[in-house]
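# Chains, contacts and geometry: an overview
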Amino acid sequence: MNHPIKPSASHYKRDTFLPFSPPDISEQEIEAVVDTLRSSWITTGPKTKDFEGKFSAYVESPGGLALNSCTAGLHLALATINIGPGDEVITTPMTFCSSVNVIEHVGATPILVDVLPDTLTIDPDQVAVAITPRTKAILPVHYAGHPCEMDALQKLAEEHGLAIIEDAAHALPAKYKGKMIGGLNNLTAFSFYATKNLTTAEGGMLTGDPELLTRARMLSLHGMSRDAWNRYSANGSWYYEVVSPGFKYNMTDIQAALGLVQLQRINEMQAHRRHVVTQYTDAFGNMPELQVPIEKPEVEHAWHLYVLRLNLDRLSIDRGQFITELKERNIGSSVHFIPVHMHPYYSDKYGWQPEDFPIAYHEFQRVVSLPLNSTLSDEDIESVIAAVTDIVETFRL
Ligand SMILES: *Cc1c(COP(=O)(O)O)cnc(C)c1O
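Please read all numbers here as calculations on a predicted model, not as lab measurements. (Residues numbered from 1 in each chain as written. Predicted model: local features only at pLDDT ≥ 70, side-chain atom pairs only at ≥ 80, totals over all residues. Heavy atoms only, no water.)

## What to know about the overall build of the protein chain
The condition that has to hold: Strands here are runs of E lasting at least two residues and helices are runs of H or I lasting at least four, both read from the DSSP assignment and numbered beginning at the N terminus. Any two residues whose heavy atoms approach within 4.5 Å at even a single point are treated as in contact. Accessibility throughout is a Shrake-Rupley quantity obtained with a 1.4 Å probe, and a residue counts as covered only by protein chains that appear here.
Scanning the protein chain from terminus to terminus reveals 13 helices and 13 strands. Taking the principal axes of its C-alpha atoms as reference, the protein chain extends roughly 75 × 55 × 35 Å. Partitioning the intrachain contacts of the protein chain with sequence separation of at least 6 by distance along the chain shows that 73% fall at a separation of at least 24. Summed over its atoms, the accessible surface of the protein chain is roughly 16900 Å², and 54% of this surface lies on carbon and sulfur atoms.

Next comes the structure, spelled out in structure tokens:
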């Protein structure tokens, strides 16, 4: 047990700091945004409509609703299908807090179940056990960009009359058994946050059944029966009716202009992500101190995150120190995620203990996300590999 921690004798260090996830913005995006600013319409309007059409076609969904965040999309999805007090929604602890916060926002009860050890996505067998007469929906998260076991989840949903709301914040573009995530007939929320595979700085898209999206659209803009574009365009009317106390979740045309260019570049950016992943996995796949992420044969991974897992029994340092060592070598990294049940609001309210979801809890302690984005040069990739290799060689037992 008592392994002396060697001093951090850094054999390798990058010259400049490599940030974890800078946005990939070209001159094209800058021009598109400036053009929009020079036009007469800057908020929700023709570019937002265009982006909704092109994005939903890309993810093979019959409809899309552009929003100011993925969190808004998840919240609207729950509100649209009338989930509220007394209802239970089953989701995963291995996610960003917003997937669960929105369940609280509608007054429903989040029911967490543990994840599968290989992909860290929600375990359908545990979902089955957690279903009660109060269960209304399952909210799976395509963790890191690896699609969840959708067939098993869909089967449970059909058997028990549940809705599925997909958190696809990481899953653009991803495929499950040949079908795009977004095209599986569930309300599905994407994120265009600054670090995501496609960014509009802040933004999101809800895809799914057009009828449900019509209601979500009304709720996304104050619960008004018409949106501002229709009201103020030449043939629009001044008249509107508030039919529900809605929210203010609409996307602007400035964001949509950015998104339209990013969408044109997504396949090329994605190919670059795959290139990075291949380099990392070639370098780390054979190191017994490390566990590399997998892509199951029936899916196409979106590779939003490259989540390396440390085999802590083979290292003299913990994950925290590993991140410090990366930083000392000028490499940015991150942790996805602090499991939901370990945040004080949730552990206090529901009495959750760390070990209640043992896989999420134990894997959390050994995950580290390496830089993975389309701005990485081959030298950047080599520097990450050199730093990780150096740390492993310095601290292996
Ligand atoms: C980023 C993220 C969100 C929230 O996205 P926003 O667009 O910032 O609201 C939700 N879920 C997961 C898993 C995320 O990583």
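## Focus on the sheet that holds strand S11 (residues 299–300)
Note the cut-off: The pairing criterion is simple: DSSP has to find at least two bridges between the two strands.
Taken in spatial order, the three strands of this open sheet run S7-S6-S11, and their pairing is antiparallel. The outermost strands of the open sheet, each flanked by one partner alone, are strand S7 (179–180) and S11. Sheet topology note: the strand S6 (residues 175–176)/S11 ladder contains two bridges and is antiparallel. When the bridges of S11 are listed, Lys175 appears paired with Glu300.

## A short note on the confidence of the model for the protein chain
Put simply, the rule reads: pLDDT is defined as a per-residue confidence score from the predictor, taking values between 0 and 100.
Per-residue confidence for the protein chain gives a mean pLDDT of 95; residues scoring 70 or more make up 95%. Within the model, pLDDT remains below 50 along residues 1–7, and this stretch shows nine contacts once partners closer than five positions in the same chain are excluded.

## Description of the domain arrangement of the protein chain
Note the threshold: Note: domain ranges come from an automatic or database domain assignment. What counts as buried area is the accessible surface, traced by a 1.4 Å probe, that two parts surrender upon association, with contributions from both included. Salt-bridge detection follows one rule: a side-chain nitrogen of Lys or Arg within 4 Å of a carboxyl oxygen of Asp or Glu.
Parsing the protein chain into structural domains produces domain 1 (27–262) and domain 2 (266–395). Distance from the C-alpha centre of domain 1 to the C-alpha centre of domain 2: 26 Å. Counting residues at the interface gives 39 residues for domain 1, matched by 36 residues for domain 2. Between domain 1 and domain 2, a total of about 3300 Å² is buried, with carbon and sulfur atoms accounting for 60% of that surface. Along the contact surface separating domain 1 from domain 2 lie three salt bridges.

## As for the site of the ligand
Defined as follows: Nearness is judged by heavy atoms alone; a residue qualifies as near a molecule or strand once a single heavy atom is within 4 Å of it. N or O atoms closer than or at 3.5 Å make up a polar contact, with two conditions inside protein: a donor-capable atom paired with an acceptor-capable one, and, for residues adjacent in sequence, both atoms drawn from side chains. Asp, Glu, Lys and Arg are counted as charged, while Ala, Val, Leu, Ile, Met, Phe, Trp, Tyr, Cys and Pro are counted as nonpolar; the rest, among them Gly, fall into the polar class.
Lining the immediate environment of the ligand, one finds 16 residues, of which Thr71, Asp167, His170, Ser191 and Lys196 sit closest. Here Ser191 contributes a side-chain N or O atom positioned 2.7 Å from an oxygen atom of the ligand. One nitrogen or oxygen atom from the side chain of Lys196 is found 3.2 Å from an oxygen atom belonging to the ligand. Look at the ligand: alone it shows 380 Å² of surface, and the protein chains cover 93% of it. Grouping the amino acids of the shell around the ligand by side-chain chemistry returns six nonpolar, eight polar and two charged.

## A closer look at the packing of helix H3 (residues 70–80) against helix H7 (residues 210–220)
Put simply, the rule reads: Each axis is a line fitted through C-alpha atoms, and for a helix only the stretch in contact is used; angles between axes span 0 to 180 degrees, taken between their N-to-C directions. Crossings are assigned a handedness: left-handed for a near helix turned anticlockwise from the far helix by less than a right angle, right-handed for a clockwise turn.
One can describe the packing of H3 onto H7 by two numbers: an axis separation of 9 Å at closest approach and a directional angle of 115°. Both H3 and H7 take part in a crossing whose hand is right-handed. Along the contact surface, H3 presents Leu76, Ala79 and Thr80, while H7 presents Leu212, Arg215, Ala216, Leu219 and Ser220. Along the lines of polarity and charge, the residues of the contact of H3 with H7 split into five nonpolar, two polar and one charged.

## Focus on a nonpolar patch on the surface
Using the following cut-off: Here a patch means residues that are over 30% exposed by relative accessible area and free of salt bridges, tied together within 9 Å if like-charged and within 5 Å if nonpolar (Val, Leu, Ile, Met, Phe, Trp, Tyr).
On the surface, Ile25, Ile30 and Val34 cluster together into a nonpolar patch covering about 200 Å² of accessible area. Along the chain, Ile30 falls in helix H1 (residues 27–38).

## Quick look at the pairing of strand S12 (residues 306–310)
Under the convention used in this document: Summary of the burial criterion: residues with accessible area below 20% of their type's maximum are buried, those above 50% are exposed, and those between are partly exposed, where the area comes from a 1.4 Å probe applied to protein chains only.
Along S12, five of the five residues are buried, which leaves the element largely enclosed by surrounding structure. By the alternation rule, side chains of S12 split into Tyr306, Leu308 and Leu310 and Val307 and Arg309, which are all buried. Across two bridges, strand S10 (residues 290–291) lies against S12 in antiparallel orientation. Of the residues in S12, the one forming a bridge with Gln291 is Arg309. Where S12 and strand S13 (residues 367–370) come together, four bridges link them in antiparallel fashion. Its bridge partner being in S13, Leu308 is matched across the sheet by Val368.

## A closer look at helix H2 (residues 46–58)
Cut-off, in case you're wondering: Expected span, for any helix, means 1.5 Å times one less than how many residues it has. The arc under discussion is defined with respect to the helix axis, by the directions toward the C-beta atoms.
With 13 residues, H2 ought to run about 18 Å at 1.5 Å a step, and its terminal C-alpha atoms sit 18 Å apart, in line with that. By the burial criterion, the buried members of H2 are Thr48, Phe51, Glu52, Phe55 and Ser56. Summarising the axial view, the buried residues of H2 lie within an arc of 115°, below the 170-degree limit, and thus occupy one face. Buried-residue contacts for H2 involve strand S1 (64–67), strand S8 (187–191), strand S9 (204–207), H7 and helix H9 (253–284). The first or second residue beyond H2 is Glu60, which carries a positive phi of 60°.

## Re the pattern of salt bridges
Applying the stated criterion across every chain, the model contains 20 salt bridges. Between Glu104 and Lys349 there is a salt bridge, with the nearest N and O atoms lying 2.8 Å from each other. Taken together, the positions of Glu104 in helix H4 (residues 98–105) and Lys349 in helix H11 (residues 344–350) put the pair 245 residues apart, joining distant regions of the chain. On the basis of relative accessible area, Lys349 is assigned to the partly exposed category, the value being 47%. Asp118 serves as the salt-bridge partner of Lys296, at 3.1 Å between the closest nitrogen and oxygen.

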